[in-house]
Structure formats: C-alpha cells, structure tokens
Amino acid sequence: MIKPGFRSKASRVWLTSMEAIERHQLIAERVRLQGTATVAELADELATSAVTVRRDLADLEKLGVLRRTRGGAENALLRAEEFPYAFRAMTSSAAKDRIAAAAAELIRDGEAVVVDSGTTGLAAARALADRTLTVLPLSVQQIGILATSERIRLLLPGGEVRPGEGSVVGPLAERTLSAYRFDTFLMTVCGVSAEAGVTAYDVQDAAVKQTAAQQSARVIAIADGSKLTVTAMAHVLDVAEITTLITDATAPARPVDLLQRAGVDVVRV
C-alpha cells in the first residue's frame, strides 16, 4: 500500500484534473521510494483511471525512470543515480524559472559568470541571455541559448560531454576553468544540507564544480526545494563556501533553518 506522503481520500479531489507532468512526478517519486507500485494503487491514490496510469507508466519508462511490470512498475534507477535529464527538465519548471530570475538579479552587468549544468542551470542561462556579461556555460544546452545573444561574451569550456546530461566534465574542462577568474559561479546542486554540504551524483561533475568555485569570488547555489532533502555520493563543497542559496517555497523549514544557522544566506522565492 502507498502510505507515506500521499493525501487522504478526503483531500484527493484536486488530483482528478491533475496535469500529466504532476502525475509523472508523483509516480516517479513513489516508485523510487517504494521500489514498486501497482497500477491499482496509483490509480486510487491519484484519483484517476487505470488507463491513465498505464499511459503515464509507458511515458516514464521511455524516459528511463522506471520499468513496467505486470500490473505495475518497478524502480529502474540505482540509489546513486539521479532522475534522467529529460524527466528533470519537465518537473518544477516554474520554480526553477523563479530561482533563476532571483539569481540573475544578484548579478551586475559586466560580471564574468560560470553557469553550472543541469535543468536549473539551463533556466539561469535563459535568465542571463539578455544581459551584458561574460559567461562560461557548463552544458551544451546553455551554449545553444547564449550563442544567439548579442550582449553575451561567450567563453566555451573544453572537455567531455556526459551522455544524456549534456554537462561538460573532465580534466580539460577543469583546466579551462583554471585559466580564468570569475566574479560569480551559479552552482546547481544534486543535494545540499548543513551536515553534508553540497553533493553531486557524478564524481567528474563534482570536480568541475569544485574548480569553478575555487576560481570564483562568490558562489550562488541554485536549487529547488527537493534538493535540500537529498545527499548524493560525491562531496563538492562545505556550506561555508556558499555565499547565497536560492531555493523555492517548497524547501522544508528544518533544512533551511539548519543552513541559516550554519551561516548560509538562504533566499526562498
């Protein structure tokens, strides 16, 4: 039975007209948490039909989030893996746009900025595209956005592109970053907490983040609220090395309080 985190039947009416993207996120999180879920359970909890759930499971299987089984689905990800980029790009997009806009407000024209990879980093690149800045993006998706701007002075990193993610990693990327000094590093995170600091799922990604932080006068971390409850495998930075953390209103109160007690300036948008 699906119990933790789901609403009682009295409070499920709003789910009847739920958008597919919201159902996808809830199903993906539930299957990852429990390991398995049946179509009947999901249909009951989401107040929708079994036909709709089966269609949602087919969509999520194509994205690599889960595997369909007879009568349900099972988790397709290892504990140390994050949700695939294509899935993350669809979730919390409005919150990521708000976070990116708030981060852009902290950056002055003329700055040299590193923009980290990931879906929130992509939102940040869009928010900065019309500004007068020097920008080094750390994903191929961002390059496509920033290359068309007439006001951006674009620096390109070297390195290897992670399949599926589009992030630039490896020793050459680190050497490129080491050749410059930046005013601001807009850093995305896989997880962040007062105890564990900033963490990442990929070791190479963590190394690039560390180099970018070392070469920047300040580090602004940008993360939706879900990242404040996650600890990934690779340690990136202690929270004392973050100047500001920008998150959204879904960030749980206790992790925010602990980060603030640790000296982090936390902004919720």
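Provided above is the structure to which this section pertains.
Residues numbered from 1 in each chain as written. Predicted model: local features only at pLDDT ≥ 70, side-chain atom pairs only at ≥ 80, totals over all residues. Heavy atoms only, no water.

Comments concerning the overall build of the protein
Short version of the rule: Helical segments are the DSSP runs of H or I of at least four residues, strand segments are the runs of E of at least two, and each set is numbered from the N terminus. In this treatment the radius of gyration is a C-alpha quantity, and the globule benchmark scales as 2.2 Å times the residue count to the 0.38 power. Working definition: with a 1.4 Å probe on protein chains only, accessible area under 20% of the residue-type maximum means buried, over 50% means exposed, and in between means partly exposed. A contact between two residues is defined here by any heavy atoms of the two lying within 4.5 Å. Using a 1.4 Å probe, the Shrake-Rupley method yields the accessible areas, and only the shown protein chains count as cover for residues. Charged residues are defined narrowly, with Lys and Arg counted positive, Asp and Glu counted negative, and His plus the chain ends left uncounted. Where a charge lies is defined by one atom per residue type: Lys uses NZ, Arg uses CZ, Asp uses CG and Glu uses CD.
Along the protein, the regular secondary structure elements total 10 helices and 15 strands. What you see for the protein is a C-alpha radius of gyration of 19 Å, in line with the 18 Å of a compact globule of 269 residues. Structurally, the protein occupies a C-alpha span of about 55 × 40 × 30 Å along its principal axes. Within the protein, the fraction of its 269 residues that count as buried is 51%. Pairs at least 24 residues apart make up 62% of the contacts formed inside the protein by residues separated by at least 6 positions. Surface accessibility of the protein: about 12,500 Å² in total, with carbon and sulfur atoms responsible for 52%. Charge-centre separation for the protein: the mean point of 31 positive side chains lies 4 Å from the mean point of 32 negative side chains.

Overview of the pattern of salt bridges
The following threshold applies: Throughout this description, the term salt bridge denotes a Lys or Arg side-chain nitrogen within 4 Å of a carboxyl oxygen of Asp or Glu.
Evaluated as defined, the whole model comprises 12 salt bridges. Lys-209 is the partner of Asp-116 in a salt bridge, and the nearest nitrogen-oxygen pair spans 2.5 Å. With Asp-116 in the loop between β4 (112-115) and α6 (119-128) and Lys-209 in helix α9 (residues 203-214), this residue pair connects regions lying 93 residues apart in the sequence. Here Asp-116 and Lys-209 have matching classes, each one buried. With a shortest N-O distance of 3.9 Å, Lys-227 and Asp-224 are connected by a salt bridge. Accessibility expressed as a relative area gives 18% for Lys-227, which makes it buried. Connected via shared salt-bridge partners are Arg-108, Glu-111 and Arg-218.

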